[in-house]
Structures are given as structure tokens and as C-alpha cells.
Amino acid sequence: MEPFSRGGPGLTGQKPIDPARRITPPEEDIRTRDEQPVLANEYKSPYDEAFIYIQEYRAWRNPCFSAPFKRLHLLEDYEKAFAMKISIGDWIKLYHNLNLDSEDNSAILPTNLRRRTRILFEQEFRSFGGSWSGSEKKPDLGIQVRNADNEMELKWVLEVGFSETYELLIRLWLQGSSQVSMVTIVKFCETPPYRSPLPIYNNETGEELDPRTAAGIPPDFRAIRTKDVILERQYGSATYKGFRWVEQISEVWMETWVPNEDGRAVQRGNPIDLMRADQVQLEFGDFFPPGYPQTITIDLEEFRSSLQDCIREMAVVRCQKTVNDYLKRHGEGTR
């Protein structure tokens, strides 16, 4: 998604705890901040941090609820607002796994319902028919639903990117597959269109130069850091080692496509300008089992605030790919 790799909607702590209400947790959980400080490296990802925060809140709120991990937060932590950046993919996964749209957020979606859906990230699909037979595609994000034959069917697909031919992509999913009921497209527009600043050639011999020496790009990919990427404006362009790796992100649009009665792909509603709207609602329709949330609302202010990080990450990825392509062309293998 990679533009969405670490950006997304914000999470806010739920009902504040009455400071006058003193709750003594079980004796084995009593501790002070000095005894067990909360460390950022306790979490493997933003998804894990948000998941643990909400699960612990539910455990404090409902003594019958047991959090399946060591608690990292004190009860007083939930008197403060909680906000963080999380990718759209992780948000949808969190929303689904924790049933955040339920009237009582202390309850978890029943196991029998959770087992009827599955969230997928870049899993390859080949089940296309007709003129699309033999095609292969990895959606950036997908949701499967178990059908009456106890088989998992891909029902919703999210595609995010810069350069794919979206008209063909939409027809592939909606007309080449009998499973998919909806495709959501997020399109990033670069102005001007991106062109790699490399390769660099020797003016006298015409020989291609190694970008690691000619452009000063570190030979160790781990040393290509987002902190060293320079943004010329709020949303690009982005330069690294004096070379431009991302042009200005001038527009970001979201479109929703569904099959009509004849099986042809048609756009539902108007495109949404994600750079201007306050929020966007993902409406899934009726292809989820009863009991599931049919709509998810995403705060676009958080998305836009994280876009700069995504642009820097894209610059790093493109730089690494350029070096890797050079290595492959010269028989030095792939990293």
C-alpha cells in the first residue's frame, strides 16, 4: 500500500475512567511505574501496540475478560487520550479482530463469526477465468468470507499504488473472478511522473557506473535511511544523495468498483479526494455475514499527517531497487 505502509487512522482511548473510582487489581498485577516501565520496544508493530492497548483496557474494565499477555499499562494510563499512527491495512485488521464497531467494545466478536472471515496481505491468487485465465495477482489487502460449502472466497480487494493500469486491474478482479464483490482503488498521482535518476554513465566510455560509488549510495541497504531523505515540499518531491526519488504527490483518489447485473465492472459513487476530505467511509455492502460491521470510517487527517513518512519510505525503496537492479544486470545477484 506502499504509500500506506505506516500511515492511517488514529485510535483514541475509550471512556475515561473516573479518577475518584479506585480499583485495586489482583495482587499479582500490582506494580509501580518504576518497577515495570512501559518500553516502546515491547511492541513489534503499531498493530501490536494498538491491539495490546485495547485488550488491556477491556481487561481492566471487565474482570471477567482475561488479556492473554503481560500487562504493560497501569489503570491510570486509560485516563489519558491515546493516539497513534497505524496503516489502513492494520486498522482494518484491528477493526475486524477486535470488533470495534460493536455497541459494547468490551465484547469480542464471537468465535464462530470470526472464523467465517480472513484478512489477507499480498497473497497470490490465480483463480481467474475467461480471457484472464492464467493471470496471477497479489492484492495489497483482501478479505475472504467462508461460503456455504465451507470454502474461503475472496470478496473484497484493496489496491494501492502509483503506476498500475487500474482499468485492467479492476476488470481482472471483477470480471476475471467469480468471487470478488468489490474492489477499492487508492491512486497516488505524482507530478511529473516519476523517472529513475539512474543509471549514470561515464561520459567518455559510455559505461554504466556503479550507483554505490557514482551516487554515493551506501553498499549496505540498511544504511539507506528515511531520516536522510529530504522533502522539498510538504508532499514531495523527495531527494536522497542529491537525486530525486519521489516527485510531488499532487493527488490521492479513492474509487469503489462493483459488478453490475451483467457482471461488468461499474464504479459505485464518485471518486473521493483523500487530500481534501475529512474522513472516508468504507461501505462493504451485504457480502459479510450477519453480525459484522458493514461500514468502517477512516480519519483522513491522520492519513495526511503520515503521508510524509510514506513518501520518505518510498524514496528509500526506490533507491534500494535501483541499486538491486544494477547488481542483477551485472551478475552480482539479488538482495
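About the thresholds
Residues numbered from 1 in each chain as written. Predicted model: local features only at pLDDT ≥ 70, side-chain atom pairs only at ≥ 80, totals over all residues. Heavy atoms only, no water. Phe/Tyr/Trp six-rings, centres within 6.5 Å; stacked < 30°, edge-to-face > 60°. Helix = DSSP H or I, 4+ residues; strand = E, 2+ residues; numbered from the N terminus. Buried < 20%, exposed > 50% of the residue type's maximum accessible area, 1.4 Å probe, protein only. Lys NZ or Arg CZ within 6 Å of the ring centre and 35° of its normal. Pairing = 2+ DSSP bridges. pLDDT = per-residue confidence, 0-100. Contact = heavy atoms within 4.5 Å. Expected span 1.5 Å × (residues − 1). Bend = angle between axes of the 7 residues up to and from the residue. Polar contact = N/O pair within 3.5 Å; in protein donor to acceptor, adjacent residues only side chain to side chain.

### So, the packing of aromatic side chains
And then number 1: Under the definition given, this model contains five aromatic pairs.
And then number 2: Note on Phe188 and Phe303: the rings are 6.4 Å apart at their centroids and 65 degrees apart in plane angle, and the pair reads as edge-to-face. Here Phe188 is found in strand S4 (residues 182–191), whereas its partner Phe303 is found in helix H6 (residues 300–329), with 115 residues between them in sequence. The exposure classification of Phe188 matches that of Phe303, with both residues buried.
And then number 3: Connected via pairs of aromatic rings, a cluster forms that spans Phe125, Phe128 and Trp173.
And then number 4: The ring of Tyr194 carries Arg318 above its face, with NZ or CZ at 3.9 Å from the centroid.

### Examining the sheet that holds strand S9 (residues 243–246)
And then number 1: Read from one edge to the other, the open sheet built from three strands follows the order S7-S8-S9, with strand pairing classed as antiparallel. Edge positions in the sheet fall to strand S7 (230–231) and S9, since each has one partner strand and no second.
And then number 2: In terms of strand pairing, S7 meets strand S8 (residues 238–240) through two bridges, oriented antiparallel. Each bridged residue has a counterpart across the sheet, and for Ile230 the counterpart in S8 is Thr239.

### Quick notes on the confidence of the model for the protein chain
And then number 1: A residue-level look at the protein chain finds 73% of positions with pLDDT of 70 or above and a mean pLDDT of 76.
And then number 2: In this model residues 1–41 is a low-confidence stretch, pLDDT under 50, and it forms 86 contacts with partners more than four residues away in sequence or in other chains.
And then number 3: The low-confidence segment residues 62–71 (pLDDT under 50) makes 19 contacts with residues lying over four places distant or belonging to another chain.

### Re the pairing of strand S3 (residues 152–161)
And then number 1: Among the 10 residues in S3, nine count as buried, and that is most of the element.
And then number 2: Where strand S2 (residues 141–146) lies against S3, six bridges are found, and the strand directions are antiparallel. By the bridge assignment, Gly142 is partnered in S3 with Val157.
And then number 3: Hairpin connection from S2 to S3: five residues lie between these consecutive antiparallel strands, with Asn150 at a positive phi of about 65 degrees.
And then number 4: When S3 meets S4, the two strands line up parallel, connected through six bridges. Following the sheet pairing, Trp156 is matched in S4 by Met182.

### A closer look at the environment of Leu154
And then number 1: As for its position among the elements, Leu154 is in strand S3.
And then number 2: A sequence separation of 11 residues divides Leu154 from Ile143, and the C-alpha atoms of the two residues are 5.9 Å apart.
And then number 3: Ignoring sequence-local partners within four residues, the contact set of Leu154 consists of Leu120, Phe125, Gly142, Ile143, Gln144, Trp173, Gln179 and Val180.

### Some words on H6
Given 3.6 residues per turn, any residue in an α-helix points the same way as the ones three and four places further on.
And then number 1: Between its first and last C-alpha, H6 extends 41 Å over 30 residues, near the 44 Å set by a 1.5 Å rise per residue.
And then number 2: Along H6, the sharpest change in direction is near 35 degrees and occurs at Leu307.
And then number 3: N-cap assignment for H6: the residue whose side-chain oxygen lies 3.0 Å from the backbone N of Glu301 is Asp299.
And then number 4: Just past H6, the residue Gly331 takes up positive phi, approximately 70 degrees.

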